[in-house]
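Coordinate analysis (summary)
Letter by letter, the chains look like this.
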Amino acid sequence: MQTPDTAKTPVTVVGLGLMGQALAATFLRSGHPTTVWNRTSAKAAPLVAQGAVPADSLAAAIAASPLVVVCVTDYDAMHELLEPLAGTLDGRVLANLTSGTSQQARDTAAWAARHGAAYLDGAIPASPDGIGTEAADIVYSGPASAFEEHGAALRALGAGKATYLGADHGLASLYEAATLSLMWSILNGFLHGAALLGTANVEATAFAPVAQKGLETVGGWLAGYAKQIDDNAFPVADASLAVHVASMEHLVHESEFLGVNAELPKLAKSLGDRALAEGLGDGGYAALIQLLRKPAEIHP
Ligand SMILES: NC(=O)c1ccc[n+]([C@@H]2O[C@H](COP(=O)([O-])OP(=O)(O)OC[C@H]3O[C@@H](n4cnc5c(N)ncnc54)[C@H](OP(=O)(O)O)[C@@H]3O)[C@@H](O)[C@H]2O)c1
């Protein structure tokens, strides 16, 4: 049982699913007086055993703390819970760690402002067992004053780390989306590579260190590509886009010849072909951003 440090900011955690439990337990361990509420009240029991105060109602939970952290399944659930009690948020900081889109974050910020609450939108880059460690360097967007006011409590969730991205409430979910796009592209590429090598009975464990090294090489290119994107100028750094597209063609053929799914290299090649058709072939690979900035054209 943790004895709360009354000098520390009281925190309320609404939503005690897997993530909410981890958030509340971490606030408790770091000494914050912690009030908890969950639709299914039985889930509060392990936290109460650790020193949390169970609120009788959601209204009482909100009233208990200047910082209200919400982590439920989605924004619909969050609005369903909070809208009937919106008036009670006046003067509080609402930190929403529920996953959603940038537009949902911006709309929720406007709604919170109408009810006198400062709104921070957060995205969690960790699983529940990472909360309370540096892996949980949660990113926040919204008013800097709210982040600074409650920085100590918010940093407790990341073992002293939390990152403020800026005033635009949509930034946290946009950074999360950008990171997920990168993650799935990397993982799909790894799985496709493992499938190709598997046709020669090469085990994925043999491929993993080679893939890791390849990622480090490509990771080293990112800063240079980023500068090109920001400058909107794409001189050839390693190979021209036309050379890349020719290699994509080889990858499509190799995949098809080996009887491996060729959708991924075909997707890369179709983007590359469109870039060549738009006259970008003599530039560097980052010129593809010009296609990715706009919706895909649908070819019947
Ligand atoms: N778990 C992860 O690894 C992870 C990582 C990063 C971000 N997140 C995000 O964190 C959020 C919560 O995830 P989780 O893993 O904690 O999910 P979870 O274990 O399924 O818990 C969902 C929570 O939402 C509550 N809830 C759902 N619908 C509700 C409604 N209509 N009214 C009131 N409460 C409602 C549930 O209450 P009951 O207990 O009453 O059902 C429960 O407290 C999600 O947005 C998720 O994307 C999770």
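From a predicted model like this one, the values you see are computed outputs, not experimental measurements.

Section: the side chain of histidine 192
Positionally, histidine 192 belongs in helix α8 (residues 171–198). The buried category is assigned to histidine 192, whose relative accessible area is 11%. Of note is the side chain of histidine 192, whose polar atom sits 3.2 Å from the side chain of serine 255. Residues contacting histidine 192, with those up to four places away along its chain left out, are Leu251, Ser255, Val260, Asn261, Leu264 and Pro265.

Description of the environment of threonine 73
Along the chain, threonine 73 falls in the loop between β4 (67–70) and α4 (75–82). Exposure remark for threonine 73: the relative accessible area of 70% places this residue in the exposed category.

Quick look at the nonpolar core
One finds Leu97 and Tyr140 to be the most contacted residues of the largest nonpolar core, which totals 33 residues. Elements represented by at least two residues in this core include exactly β1 (11–14), α1 (18–29), β4, β5 (93–96), β7 (138–141), α6 (144–149) and α7 (151–156). Among the elements that take part in this core, α1 stands out by supplying seven residues, more than any other. Residues Ala55, Tyr75, Met78 and Ala105 belong to the second largest nonpolar core, which totals 21 residues.

Looking at the sheet that holds strand β6 (residues 118–123)
Within the open sheet, the eight strands sit side by side as β3-β2-β1-β4-β5-β6-β7-β8. Their pairing is mixed. The sheet is open, and its two edges are formed by β3 (53–54) and β8 (162–166), each paired on a single side. Pairing geometry for β1 and β4, over four bridges, is parallel. Of the residues in β4, the one forming a bridge with valine 11 is leucine 67. In this fold helix α5 (residues 102–114) packs onto β5 and β6, with an angle of close to 155° to the strand it touches most, β6. On the sheet, α8 packs against β6, β7 and β8 and is oriented at approximately 10° with respect to β6.

Some thoughts on the UniProt feature "domain: NADPH-dependent reductive aminase-like C-terminal" (unreviewed entry) in the protein
Per the UniProt record, "domain: NADPH-dependent reductive aminase-like C-terminal" (unreviewed entry) is annotated on residues 168–294. Secondary structure over residues 168–294 splits into 73% helix and 0% strand, and the C-alpha atoms at its two ends are 22 Å apart.

Structural notes on a nonpolar patch on the surface
Together, Leu182, Ile186 and Leu215 make up a nonpolar patch on the protein surface, roughly 250 Å² of accessible area in all. Under the relative-accessibility criterion, isoleucine 186 is labelled partly exposed at 34%.

Examining the domain arrangement of the protein
Domain boundaries assigned for the protein yield domain 1 (11–168) and domain 2 (199–292). Each of domain 1 and domain 2 has a C-alpha centre, and the two are 40 Å apart.

Some words on the site of the ligand
For the ligand, the set of nearby residues contains 21 residues, the closest of which are Met19, Asn38, Thr40, Lys43 and Ser99. Contact between the ligand and leucine 16: an oxygen atom at 3.2 Å from a main-chain N or O atom of the residue. Taking valine 72, its main chain carries an N or O atom lying 3.1 Å from an oxygen atom of the ligand. Coverage of the ligand by the protein amounts to 75% of the 890 Å² it exposes when considered alone.

What counts, and at which threshold
Residues numbered from 1 in each chain as written. Predicted model: local features only at pLDDT ≥ 70, side-chain atom pairs only at ≥ 80, totals over all residues. Heavy atoms only, no water. Helix = DSSP H or I, 4+ residues; strand = E, 2+ residues; numbered from the N terminus. Buried < 20%, exposed > 50% of the residue type's maximum accessible area, 1.4 Å probe, protein only. Polar contact = N/O pair within 3.5 Å; in protein donor to acceptor, adjacent residues only side chain to side chain. Contact = heavy atoms within 4.5 Å. Core = buried A, V, L, I, M, F, W, Y, C linked by side-chain atoms within 4.5 Å. Pairing = 2+ DSSP bridges. Axes fitted to C-alpha atoms, helices over the stretch in contact; angles between N-to-C directions. UniProt positions renumbered as here; feature names shortened; annotations may be inferred. Patch = residues over 30% accessible without salt bridge, like charges linked within 9 Å, V, L, I, M, F, W, Y side chains within 5 Å. Areas by Shrake-Rupley, 256 points an atom, 1.4 Å probe, with all protein chains shown as cover. Salt bridge = Lys/Arg side-chain N within 4 Å of Asp/Glu carboxyl O. Domains from an automatic or database assignment. Near = heavy atom within 4 Å.

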